[in-house]
Structures are given as structure tokens and as C-alpha cells.
Amino acid sequence: MQPGDVAAVDSCTDIYYVDTGMYDTAEYGAVYIVDAERPAIVDTGIGTNYERILDALDEVGIDREDVAVIAPTHVHLDHAGGAGLLAEACPNADVYVHELGARHLVDPSRLVAGTKNAVGDQWKFYVEPTPVPEERVVELADGDTIALGDRGLDVHHAPGHAPHQVVFHDDRDDAVFVADAAGIYVPALDRVRETSPPSNFDLEQCLDDVSTIRGLDPDTLLYPHFGPVADDVDDRLAGYADTLTEWVAAVEAKYAELGDAEAVQEYFAENADISAVWGSLKATEETAMNVRGVLRYLKHSED
């Protein structure tokens, strides 16, 4: 896919996704549209080029006034940065988000500061998020269901990547909107990569989150990074648990060898094997960010 392209999820009914062109990178950022009795948008992108989501609604045949639900899986800005802009464009929609993240949509200032610190030079791809009116925020907790009329999205807390992260289990098609709890799927390589950004990455909880998704026994995984996967689902989830464990061990070993956090970041960034797909800037910046998250986790584990 290319930025702006819209496709149906073949293994699901009336679910579509659009490539938002996040970070000027194809097949990195997806936003999902559920064409239900109460139409929903799942995740919102970073806000940049949010018009592509509105164009996707037009292509699917959903009037903006009919959108009822905007549901970021968590409030990291690559998932929730466009929430306020979409809420303005879809005036009858409420924004559904985990209770721990709700305040950050109403007042994004701390989230912006944390994001700038986490993403480094990638901030140039972002726009300042538009606040969501407090009266339009619906707080979610584990065990809730977002009712869409002819289907529901069951809410499962998955805090390993971030304390405000949830995954949504679609009860009609047995699909899971996996947030960042199942890694980063790279369609060009048919491979799942690690994601371990600061400041809340927790390996043990991330592994528990993978187990949570496996326990739902889904037929389809709907990755915001990037796209649907409907084959060998359980094997892919088990493989991601191994990938994440091995990634943390590799960073820990390299730190033991070099003894310097910046040198460890530089080592992994210079050896990023995804540059040919994402481009050098995105590959190196994301790898360095993931290293920072692991090093912070390891430090806190020692304390």
C-alpha cells in the first residue's frame, strides 16, 4: 500500500484500513474503520495528514456526522494524536480511551513533552494535538465493551507497552485490534519486529499482554503498524514473545560489553536491518528509541 490507499480487511466483515503515511513512510501507520450500525474509527494516527482518514470514510461510504466512536488503543501520539482533529470533523462521535489516558486527550501538554523526549528527531513529522472536549471523552476499563450496534469491541487492558493501552476484541469477526501489544508487523518482510519505547516499557507485562491476546484465540490480528494478519496467528504471537525476549537480552548484553547507553543506541541504530523498507531516518530513530526503552526498563529492574 501507499499513503492514502484504503483496503478492506479480507478476513473480516465491513472493516477497512487506510495507510496514513505516518513519518512519510508507507506501510507503517494504519487507521481502521468499522462500518457498523454505530461506525467507529480505531486509532487516529499522529494527526498529520488526518484528512486521509476522512477521505477513507468517504470512500467507504460513511458520513462524518454518522461516526459514533473514535477509539485510540492508547494515547501515544502515533495512535491518538489525531483524536481531537477527528472529533472536530466528526461532531457526533465520542472518543473512547482507557481511563488512565483520558486526561492526556483533554490536556495533551504532558504527552507532547514526553513524546518529544521519546521520539527525538522524529518530532518533525508530528503536529500539535488538538485537545478533545472533556464531555466527549468516554473512559474505558478492562472488561468494558464498546457497543457498535451489530457488533461490539470488548476491551482488554494491555499495559506492558503503556499503562493506558488496551486491545479491542471484535466479537463479530473474532479479530483483535492489537495496539502495540503484538509488535510491529512489516508486510514487506512478513515479519514482526519489537517495540519497546520509553518510558513505560515492561518486558514481563508485555509478555503477559501477548498471552492475553493468545487467550482470545483470534482469527485475525489488526496491526496499527501495519495491517491485518490472518494466517498462523498463534504462531506469530508466540514468535513475538520470543522476539521481544531476545531483543531485551541483546540490548542488555551489548550494554554489558560497551558500558555506555549512547554507544549502545548507536550500535543498534547503525545496524538496523529495516532501513531498506522504512528508510534510514525512520529505521535508525525507531531503533534508538527502542534501545532507550529497554535500557530504562533494565535500570528500573535493578532498582
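Structure's up top.
The present account deals with the structure reproduced in this document. Quick caveat, the model's predicted, so the values are computed rather than measured. Sequence order as written defines residue numbering, which begins from 1 separately in each chain. With the structure being a predicted model, the display of local features is reserved for residues of pLDDT at least 70 and the display and counting of side-chain atom pairs for 80 or more, all residues being used for whole-chain, interface and lining totals. Values reported for side chains reflect all heavy atoms of the structure, with hydrogen atoms and water molecules removed beforehand.

## A word on the packing of aromatic side chains
The description of an aromatic ring pair rests on the distance of the ring centres and on the angle between the ring planes.
In step 1: Aromatic rings from Phe, Tyr and Trp, with only the six-membered ring used for Trp, were paired whenever their centres fell within 6.5 Å, and each pair was classed as stacked if the ring planes differed by under 30 degrees, edge-to-face if by over 60, and tilted otherwise. Inspection of the entire model under this criterion finds 12 aromatic pairs.
In step 2: Ring geometry for Tyr32 and Phe177: centres 5.5 Å apart, planes at 80°, overall edge-to-face. Taken together, the residues Tyr32 in strand S3 (residues 30-34) and Phe177 in strand S11 (residues 175-177) connect sequence positions 145 residues apart. Accessibility assignment for this pair places Tyr32 and Phe177 in one class, buried. We count a stretch as a helix when DSSP gives it H or I for four or more residues in a row; a strand needs E for two or more, and each element gets its number in order from the N terminus. Buried means the residue's accessible area, taken with a 1.4 Å probe over protein chains only, is under 20% of the maximum for its type, while exposed means over 50%, and partly exposed covers the values in between.

## Structural notes on the sheet that holds strand S6 (residues 94-98)
In step 1: Read from one edge of the open sheet, seven strands run S1-S2-S3-S4-S5-S6-S7, paired in mixed fashion. The open sheet has two edge strands with one neighbour each: strand S1 (6-8) and strand S7 (137-140). The average angle at which neighbouring strand axes cross in this sheet is 25°, direction not considered.
In step 2: Strands in contact with helix H1 (residues 51-60) are S1, strand S2 (15-19), S3 and strand S4 (40-42); relative to S2, the strand with the most contacts, it is inclined by about 145°. One bridge is not enough; two strands pair if DSSP finds at least two bridges between them. Interaxial angles span 0 to 180 degrees and are taken between N-to-C directions of axes, which are lines fitted to C-alpha atoms, for helices over the stretch in contact. Here a residue-residue contact requires only that any non-hydrogen atoms of the pair lie within 4.5 Å.

## Looking at the sheet that holds strand S15 (residues 227-229)
In step 1: Taken together, the six strands give an open sheet; going across it, the order is S8-S9-S10-S11-S14-S15, and neighbouring strands pair in mixed fashion. In the strand order of this sheet, the two ends are held by strand S8 (145-147) and S15, each with one partner. Across this sheet, the average inter-strand angle for adjacent strands is 25°, counted without regard to direction.
In step 2: In the sheet, strand S10 (residues 166-170) pairs with S11 via three bridges, with the strands oriented antiparallel.

## Looking at the nonpolar core
In step 1: Nonpolar cores were defined as sets of buried Ala, Val, Leu, Ile, Met, Phe, Trp, Tyr and Cys residues, with membership established by side-chain atoms within 4.5 Å. Leu57 and Val67 are the most contacted members of the largest nonpolar core, which totals 46 residues.
In step 2: Broken down by element, this core gets its largest block of residues, five residues, from H1.
In step 3: Setting aside residues up to four positions removed in sequence, Val67 forms contacts with Pro39, Ile41, Leu57, Ile62, Cys90, Asn92 and Ala93.
In step 4: Listed in part, the 33 residues of the second largest apolar core include Ala179, Ile213, Val233 and Val264.

## Overview of the side chain of His169
In step 1: Assignment of secondary structure puts His169 in strand S10.
In step 2: Not counting chain neighbours up to four residues away, the residues in contact with His169 comprise Gly152, Leu153, Asp154, His156, Asp174, Ala175, Val176 and Leu216.

## Observations concerning the packing of helix H7 (residues 233-258) against helix H8 (residues 261-270)
In step 1: Following both chains from N to C, one finds H7 and H8 inclined at 125°, their axes separated by 9 Å at the closest point. Considered as vectors, H7 and H8 are oriented oblique to each other. Classified by chirality, the crossing of H8 by H7 is right-handed. Together, Trp247, Ala250, Val251, Lys254, Tyr255 and Leu258 of H7 and Ala261, Ala263, Val264, Tyr267 and Phe268 of H8 make up the contact between the two elements.
In step 2: When residues are sorted by character, Ala, Val, Leu, Ile, Met, Phe, Trp, Tyr, Cys and Pro go into the nonpolar class, Asp, Glu, Lys and Arg into the charged class, and all the rest, Gly among them, into the polar class. Counted by class, the contact of H7 with H8 contains 10 nonpolar, no polar and one charged residues. By the definition adopted for this analysis, an angle is roughly parallel if under 35 degrees, roughly antiparallel if over 145, roughly perpendicular if from 65 to 115, and oblique otherwise. By the definition used in this description, the sense in which the near helix is turned from the far one sets the handedness, with an anticlockwise turn below a right angle giving left-handed and a clockwise turn giving right-handed.

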